[in-house]
Every structure is written in structure tokens, then in C-alpha cells.
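# Topology and contacts: notes
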Amino acid sequence: WYVPKFEIASEDPAADVTPVLRRVAARAYRRPVGADEVRAYVELFTSELEQGSAFEEALRTAVTAILCSPRFLYLREKPGDDGFLVWDLEVPAG
């Protein structure tokens, strides 16, 4: 198991982790992410800190929640949208 040789110190963990979670969520959801979408993950992060988790462990929990989200697991398309582009990664190899 990886044991870091450093400690993440923050005077305002929720404010510091918000841009990190926004970047992770934007990459995971393959689209821009609003502050309201990240709020639940920041609250989860804060809850983990309040329960005694270290910063890194709380961040890992929040990122895990993002990666378990249906927004990550499923590609959402607009119904009846005939003018969309399909990315190479979205087409099955065959």
C-alpha cells in the first residue's frame, strides 16, 4: 500500500478541493461541470474529514463517488439529435 511521504495541509479544505473535484468531474463526465454538480462531492469530502479521515483519503472517497456516478458510467445523449459527432473512443472497434 502506498504511504505518502508528505502531508497535504490546508486552512480551508473545502475551498481547496473544489477546483480539484471540478477538474476530475469534467474529465469523467466528458463535459463542463457546474458548481452545483460538484457540491455533493465537496460535502462528501467534508463529511469524511469531519469523521477523522486524512485529506488524501477524503479526496479519494470523493473521486471514487464521481467515478461511480451514472454521469461517468453512461454517455448521455439528447434524444433526436441527428447532428452530433461521434468520437473515435465512443465507436466500438470491430
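Residues numbered from 1 in each chain as written. Predicted model: local features only at pLDDT ≥ 70, side-chain atom pairs only at ≥ 80, totals over all residues. Heavy atoms only, no water.

Throughout the structure, instances matching the rule amount to 1 aromatic pair. With centroids separated by 5.1 Å and ring planes inclined at 75°, the aromatic side chains of Phe 45 and Phe 55 adopt a geometry described as edge-to-face. Placement of the pair is Phe 45 in helix α2 (residues 35–50) and Phe 55 in helix α3 (residues 55–68), with a sequence separation of 10 residues. Classification of Phe 45 as buried rests on a relative accessible area of 0%. (Phe/Tyr/Trp six-rings, centres within 6.5 Å; stacked < 30°, edge-to-face > 60°. Helix = DSSP H or I, 4+ residues; strand = E, 2+ residues; numbered from the N terminus. Buried < 20%, exposed > 50% of the residue type's maximum accessible area, 1.4 Å probe, protein only.)

Most often, soluble globular proteins keep nonpolar side chains buried together rather than apart. One finds Val 17, Leu 21, Tyr 29, Phe 45, Leu 59 and Ile 66 to be the most contacted residues of the largest nonpolar core, which totals 15 residues. Of all the elements in the fold, those that place two or more residues in this core are α1 (13–29), α2 and α3. (Core = buried A, V, L, I, M, F, W, Y, C linked by side-chain atoms within 4.5 Å.)

Scanning the model with the defined rule gives 3 salt bridges in all. Between Arg 31 and Glu 37 there is a salt bridge, with the nearest N and O atoms lying 2.6 Å from each other. Given a relative accessible area of 19%, Glu 37 falls into the buried group. A salt bridge links Arg 60 to Glu 56; the nearest nitrogen and oxygen atoms lie 3.6 Å apart. Note that Arg 60 and Glu 56 are positioned in helix α3 at a spacing of 4 residues, about one turn of the helix. On the basis of relative accessible area, Arg 60 is assigned to the partly exposed category, the value being 37%. Residues joined by salt bridges that share partners form a network here, namely Arg 31, Glu 37 and Arg 71. (Salt bridge = Lys/Arg side-chain N within 4 Å of Asp/Glu carboxyl O.)

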